[in-house]
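Given next are the chains, with one letter for each unit.
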Amino acid sequence: MGEFDFTVWGPSLPFIRDGLLFTLRLTLIAMTGGIVIGTLLALARLSPIVPLSRLAGAYVDLMRSIPLVLVILWFFLVIPYLTGAPVGAETSAVITFTAFEAAFYCEIMRSGIQSVPRGQLDAARALGLKPAQTLLHVILPQALRNMLPVLLTQTIVLFQDTSLVYAIGAKDMLKAADVVGKNYNRPVEMIVLSALIYFAICFGLSLAVKALQKRVAIIR
Amino acid sequence: MIEIRNVSKWYGQTQVLNGASTHVAKGEVVVVCGPSGSGKSTLIKCVNGLEAFTQGTITVDGISVGDPKTDLSRLRARVGMVFQHFELFPHMSVLQNLALAQVKVLGRSQEEAAARGAALLDRVGLRDHAAKFPGQLSGGQQQRVAIARALAMDPICMLFDEPTSALDPEMIGEVLDVMVELAQEGMTMMVVTHEMGFARRVAHRVAFMDHGEIVEDAPTAQFFEAPASERAKTFLSRILHH
Ligand SMILES: Nc1ncnc2c1ncn2[C@@H]1O[C@H](COP(=O)(O)OP(=O)(O)OP(=O)(O)O)[C@@H](O)[C@H]1O
Ligand SMILES: [Mg+2]
């Protein structure tokens, strides 16, 4: 031991950067798409239309009871059948993560919507706002604010979970580190580097969550 | 203006309104009182269709509230409502609270809505608070903003559901003052309240509810001096000697 050579970090940086960009893009798209679809799912779950609410509930339960790695592999195999053409590992990863995270964001948004007092709904309706306007201007903004810390914490988990796309060979940061590690025969050094980057970003994000929490918290 | 005829409502097996009838003529102020759980909130929420009722008819300005063909959003836009817990939108500034429905429902421009909002804030004595958020105001101030928000829609009548009962005693006066002024200007008002001083000052009639029924509906002086029913007498003696 004692033979570590961290000079490999230098030449690895362009690859790591490309991988990291994909990882961040994947996180961002899955977060945005997941929150949008998750909110729609939450509305479906809370809807008085029983079949709709059941269907959304079944989807959420299904996604939440299968290990993510399996969903990633399964989507990778199934999507080409649905689209009729093979999709790349990266596209498959984006679709999978959006669909998977939507189930988790759904549950967060559902409790966010339920955290808005009933009287707010009455007040909005009493002013003549239509259901969609009530949702858009009164209920959802409050649900989002109430849930912001939880939504962002879920996003940090998502960011870490993206490393699982490794399973289908998508070129994320971990994959880039792995490839460079193999080429230079320095796998340990490269794993240390990617761990440091994951840590720095997650730590930074959780600090950001705390700061944001103070800024957007509704004054009560 | 408001006609309530034989309205009944059940929640499953429990009946919360039992053949309630009353009316509020244009420019009239009617106070509704009665013990807790007697159905006052339920009744007043039926007037603008926030609650559905099982039997009977309610019309506001000739429009039937229970008719499935009625555009309830449109009707509600013309009926102001003030709640016990203010229900200002906490994520919006005071001025945004006043402007939202003016813009989204009445189609006014932002400038128009802001100008109308500012004028009403001035009227309820809160001109300097336009940029604040509801959480930065006292309860009395919040309720005055809520009244201004309802007035911004230029309503044909106003509904109040215990507007002062969530307030600290020292703030009740400032809200009642606004309501008295409104009544004196001729606003049509249906007010659920236990503020009997307010009732004596501005109410034309007082309706007393118990167990979902309107037990007594009498001109104000008569209601206080010679209540006809035993239940109203008991209620009055309890509430006035408090
Ligand atoms: N969603 C509901 N489901 C079942 N019962 C209800 C529901 N809402 C209200 N009730 C019942 O209806 C009755 C009338 O309630 P309501 O709120 O109208 O009374 P209230 O006169 O306004 O009372 P308070 O003075 O406490 O505000 C009460 O017995 C209450 O328990
Ligand atoms: Mg009530």
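Predicted model, so just to flag it, every value in this text is computed and none were measured. (Residues numbered from 1 in each chain as written. Chains lettered and ligands numbered in written order. Predicted model: local features only at pLDDT ≥ 70, side-chain atom pairs only at ≥ 80, totals over all residues. Heavy atoms only, no water.)

Visitor: Explain the environment of B:Asn97 to me, using residue names and the numbers behind them.
Guide: Residue and element names in this part refer to chain B. You can see asparagine 97 is positioned in helix 3 (residues 94-104). In this structure, the C-alpha to C-alpha distance between asparagine 97 and phenylalanine 133, residues 36 residues apart in sequence, is 9.2 Å. In terms of polar contacts, asparagine 97 uses its side chain to reach the backbone carbonyl oxygen of methionine 92, at 3.2 Å. (Helix = DSSP H or I, 4+ residues; strand = E, 2+ residues; numbered from the N terminus. Polar contact = N/O pair within 3.5 Å; in protein donor to acceptor, adjacent residues only side chain to side chain.)

Visitor: Mind laying out the site of ligand 1, listing which residues take part and the relevant values?
Guide: Residue and element names in this part refer to chain B. Close to ligand 1 lie Tyr11, Val16, Pro35, Ser36, Gly37, Ser38, Gly39, Lys40, Ser41, Thr42 and Glu162. In the model, an oxygen atom of ligand 1 is placed 2.6 Å from a nitrogen or oxygen of the serine 36 side chain. With respect to ligand 1, the side chain of serine 41 contributes an N or O atom lying 2.7 Å from an oxygen atom. Relative to its unbound accessible surface of 640 Å², ligand 1 loses 57% to contact with the protein. With three residues, the single largest contributor to the shell around ligand 1 is helix 1 (residues 40-47). When the residues that make up the shell around ligand 1 are grouped by side-chain class, the tally is three nonpolar, six polar and two charged. (Near = heavy atom within 4 Å. Areas by Shrake-Rupley, 256 points an atom, 1.4 Å probe, with all protein chains shown as cover. Nonpolar A, V, L, I, M, F, W, Y, C, P; charged D, E, K, R; others polar.)

Visitor: Before we move on, could you go through the pairing of strand 6 (residues 79-82) of chain B and cite the residues and values that matter?
Guide: Residues and elements named next belong to chain B. By the alternation rule, side chains of strand 6 split into Val79 and Met81 and Gly80 and Val82, which are all buried. Note that strand 6 and strand 7 (residues 157-161) share four bridges and pair parallel. Counted as the bridge partner of glycine 80 is methionine 158 from strand 7. (Buried < 20%, exposed > 50% of the residue type's maximum accessible area, 1.4 Å probe, protein only. Pairing = 2+ DSSP bridges.)

Visitor: I'd like a rundown of the packing of aromatic side chains, residues and numbers included.
Guide: The final tally for this structure, using the stated rule, is eight aromatic pairs over all chains. Each ring, one from B:Phe223 and one from B:Phe224, has its centre 5.5 Å from the other, and the planes form 80 degrees; the classification is edge-to-face. B:Phe224 carries the same exposure label as B:Phe223, and that label is buried. Linked through ring pairs, A:Phe4, A:Phe6 and A:Trp9 together constitute an aromatic cluster. The ring of B:Phe224 has B:Arg200 sitting right over it, with the charged end atom 4.3 Å from the ring centre. (Phe/Tyr/Trp six-rings, centres within 6.5 Å; stacked < 30°, edge-to-face > 60°. Lys NZ or Arg CZ within 6 Å of the ring centre and 35° of its normal.)

Visitor: Pulling in residues and values, what's your account of the sheet that holds strand 6 of chain B?
Guide: Whether parallel or antiparallel, the strands of a sheet pair through hydrogen bonds between backbone atoms. Residues and elements named next belong to chain B. With respect to topology, six strands assemble into an open sheet ordered 6-7-8-3-9-10, the strand pairing being mixed. Strands at the two margins of the open sheet, each flanked by one partner only, are strand 6 and strand 10 (213-219). Recorded for the sheet is a direction-independent mean angle of 15 degrees between the axes of neighbouring strands. In this sheet, strand 8 (residues 189-192) lies alongside strand 3 (residues 29-33) in parallel orientation, the contact comprising four bridges. Paired with valine 29 across the strands is methionine 189, a residue of strand 8. Where helix 9 (residues 230-240) meets the sheet, it contacts strand 3, strand 9 (205-210) and strand 10, and its direction lies at approximately 100 degrees from that of strand 9. (Axes fitted to C-alpha atoms, helices over the stretch in contact; angles between N-to-C directions. Contact = heavy atoms within 4.5 Å.)

Visitor: Residues and numbers for the interface of chain A and chain B, please.
Guide: Facing 21 residues of chain A, the contacting portion of chain B comprises 25 residues. For the pair chain A and chain B, the two sides together bury roughly 2,000 Å², of which 62% comes from carbon and sulfur. Where chain A touches chain B, the interface holds one salt bridge. The residue A:Asp122 makes a salt bridge to B:Lys45 at a minimum N-O spacing of 3.2 Å. The interface formed by chain A and chain B contains five residue pairs in polar contact (both at pLDDT 80 or more). Looking at the side of chain A that touches chain B, the elements that each hand over two or more residues are helix 5 (118-126) and helix 6 (131-161) of chain A. Counted by class, the side of chain A that touches chain B contains nine nonpolar, six polar and six charged residues. (Buried area = accessible area lost by both parts, 1.4 Å probe. Salt bridge = Lys/Arg side-chain N within 4 Å of Asp/Glu carboxyl O.)

Visitor: Which residues make up the side chain of B:Thr164, and what values do they have?
Guide: All names here are of chain B. Along the chain, threonine 164 falls in the loop between strand 7 and helix 6 (169-184). In this structure threonine 164 comes out as buried when scored by relative accessible area, which is 4%. Residues contacting threonine 164, with those up to four places away along its chain left out, are Ile172, Val175, Leu176, Thr193 and Glu195.

Visitor: Please provide a residue-by-residue account of helix 6 of chain B, values included.
Guide: Residues and elements named next belong to chain B. Taking 1.5 Å as the rise per residue, helix 6 with 16 residues should run 22 Å; its terminal C-alpha atoms sit 23 Å apart, in good agreement. Those residues of helix 6 lying buried are Met171, Ile172, Val175, Leu176, Val178, Met179, Val180, Leu182 and Ala183. Packing partners of the buried residues in helix 6 comprise strand 3, helix 4 (110-123), helix 5 (139-151), strand 7, strand 8 and helix 7 (196-202). Backbone geometry just after helix 6 places glycine 186 at a positive phi near 100 degrees. (Expected span 1.5 Å × (residues − 1).)

Visitor: Give a detailed account of the sheet that holds strand 1 (residues 2-11) of chain B, specifying residues and quantitative values.
Guide: Residue and element names in this part refer to chain B. Here four strands make up an open sheet; going across it, the order is 2-1-4-5 and the pairing antiparallel. A strand with exactly one partner marks an edge of an open sheet, and here the two such strands are strand 2 (14-24) and strand 5 (63-64). Across two bridges, strand 4 (residues 55-60) lies against strand 5 in antiparallel orientation. In the sheet register, threonine 59 faces strand 5, and the bridge partner there is serine 64. Contacting strand 1, strand 2 and strand 4, helix 1 crosses the sheet at an angle of about 60 degrees to strand 2.

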